[in-house]
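Breakdown of the fold
The primary structure of each chain is shown beneath.
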Amino acid sequence: MKVILENIKELVQVEEHARTWVAGEEMKELTVLKDAFLVINDDQIETFGLMKDFNEILVEGAEMVMEIDCAGKIVMPGYCDSHTHLVFPASREQEFVDRITGLSYEEIARRGGGILNSAQRMEQATEEELFLSAMSRLDEIKKHGTTAVEIKSGYGLTLESELKMLRVIKRLKESSPLMIKSTFLGAHALPAGYHNNRQKYIQLIIQEMLPEIDKEGLADYMDVFCDQGFFTVEETAQLLEAGMKYDLQPKIHANELGLTGGVQVGVQYGALSVDHLEHIGESEIEALLGTETMPTVLPGAAFFLKLPLSPVRQMMQAGLPLALASDYNPGSSPSGNMNFIQSLACINYQMTPEEAINACTINSAYAMGVEHSCGSICRGKLANLFITRELPTYSAIPYYFGSNPVETVIINGEIY
Ligand code: NIG
Ligand code: FE
């Protein structure tokens, strides 16, 4: 079946040849075709071009053709949200209120709230409940234009509960049209009862969790929350080394709460991405330059927790690439709306719309290992994209903060 999108006002992020990522000055550039067409053949992008060059031959002989008139509308590659925790048992609005009335995120965590609160609820939750609530979150983010998403475990913190979360993610991969990658985050927080013996929990991860996860093929990547009050650089190194024996490339939580060496240890172990980065200095930038690790900023978490803003302009000026993700989770970013992430990027971080779009598509595709099939409008890539309502130009997407410009989503050539 062929689907033809016609009269597209702006076809955004087109590539003649697929790039791996864009960095530094290149992030300012975005290739946009005005008054364009796009041909989808089954699940792939077959071709695209300007309407004036549209040739009926392209669709001749096709058994079924569906035409969609995109006059006045923008077409973009679907967002790749490379960092989420969207399998969770319950919301945590009480902590939100506690922070309004004066407690900090770290204080709440020290009192057994935060991640440990979710872990306690996780123990009670059934796989079915977790699956159904996560499916509805996937549906919600799909409606906002996300077509690929990474999901982490890390609210289990016991062998049984971590496996439960990862099995749910596996089921989501089989049931949802979205492209999903799974990350094992057993080292998200030290569970209660291990404070006098941190190594005991680390050994539980290394000796019991990792072998079982490997046996069932439950994870694509491995994450550690390497930060003040969570896991140290030495513990992170120990954990990442153990994960690498099972071919789990790291994607780590780093430098959210302090200049703790998380970026450096991530780079040292060949992390695909280092994420959060609210605390970044010259030596972190230096450590990232020339590597294959994608620095990833999570504007939703910084907004929700009122954290310092990552120095993204300085990072791009130094020549680094940059990805953006939602961090969708119940504690620090209870939203997976990537349109809003773009607004935050533009308004709070002074990123241009072009930089924000590059960071939410091609670069975030790399940060979750799907850049060969997603992240741009390129011949042979998957037909994963969205069509907006009528808009003057793509800059109107971050401009209309809080509203959803997405009207139609196409994943693997299927229209939603
Ligand atoms: O990415 N920083 C660590 N983990 C999550 C938050 C987890 C939670 O509070 O539930 C994050 O912000
Ligand atoms: Fe996170």
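Residues numbered from 1 in each chain as written. Chains lettered and ligands numbered in written order. Predicted model: local features only at pLDDT ≥ 70, side-chain atom pairs only at ≥ 80, totals over all residues. Heavy atoms only, no water.

The subject of this paragraph is the site of ligand 1. Tyr-105, Tyr-155, His-188, Glu-256 and Ser-332 are the nearest of the 15 residues found near ligand 1. Between ligand 1 and His-85 there is a distance of 3.4 Å, counted from an oxygen atom to a side-chain nitrogen or oxygen. Residue Glu-256 places a side-chain N or O atom 2.7 Å away from a nitrogen atom belonging to ligand 1. Contact with the protein chains covers 100% of the free accessible surface of ligand 1, which is 330 Å². Among the residues making up the shell around ligand 1, the classes are represented as 4 nonpolar, 8 polar and 3 charged. (Near = heavy atom within 4 Å. Polar contact = N/O pair within 3.5 Å; in protein donor to acceptor, adjacent residues only side chain to side chain. Areas by Shrake-Rupley, 256 points an atom, 1.4 Å probe, with all protein chains shown as cover. Nonpolar A, V, L, I, M, F, W, Y, C, P; charged D, E, K, R; others polar.)

Here we take up the pattern of salt bridges. Taken as a whole and assessed by the stated rule, the structure comprises 19 salt bridges. For Lys-143, the salt bridge identified is with Asp-139, shortest N-O distance 2.9 Å. With Lys-143 and Asp-139 both in helix α4 (residues 127–143) and 4 residues apart, the pair spans about one turn of that helix. On the accessibility criterion, Asp-139 (31% relative accessible area) is partly exposed. (Salt bridge = Lys/Arg side-chain N within 4 Å of Asp/Glu carboxyl O. Helix = DSSP H or I, 4+ residues; strand = E, 2+ residues; numbered from the N terminus. Buried < 20%, exposed > 50% of the residue type's maximum accessible area, 1.4 Å probe, protein only.)

Moving on, we come to the coordination of the iron ion (ligand 2). Looking at the metal site, the iron ion (ligand 2) is ligated by His-83 (NE2), His-85 (NE2), His-253 (NE2) and Asp-327 (OD), spaced 2.1 to 2.3 Å from it. Positions of the donor residues of the iron ion (ligand 2) along the chain correspond to the pattern H-x1-H-x167-H-x73-D. Of this pair, His-83 sits in the loop between β7 (79–81) and α1 (93–100) while Asp-327 is found in the loop between β14 (323–324) and α12 (338–349), placing the two residues 244 residues apart along the sequence. (Donors = N, O, S within 2.8 Å, 3.2 Å for Na, K, Ca; no water.)

Here we have 8 strands laid out as an open sheet, ordered β7-β8-β9-β10-β11-β12-β13-β14, and parallel in their pairing. Looking along the sheet, the strands with just one partner apiece sit at the ends: β7 and β14. Against the sheet, helix α7 (residues 233–244) makes contact with β9 (179–187), β10 (221–226) and β11 (249–254), and its axis sits at roughly 175° relative to β10, the strand it touches most. Along the sheet face, α12 touches β7, β8 (146–152), β13 (294–297) and β14 and points at about 85° away from the line of β7. (Pairing = 2+ DSSP bridges. Contact = heavy atoms within 4.5 Å. Axes fitted to C-alpha atoms, helices over the stretch in contact; angles between N-to-C directions.)

We note that Asp-247 has phi near 60°; this positive angle belongs to a residue other than glycine. Along the chain, Asp-247 turns up in the loop between α7 and β11. A residue is classified by how much of its surface remains accessible, and Asp-247, at 69% relative accessible area, is exposed. Its identity as a non-glycine residue notwithstanding, Asn-412 has a phi of 50°, on the positive side. Position of Asn-412 relative to the elements: it lies in the loop between β17 (406–411) and β18 (414–415).

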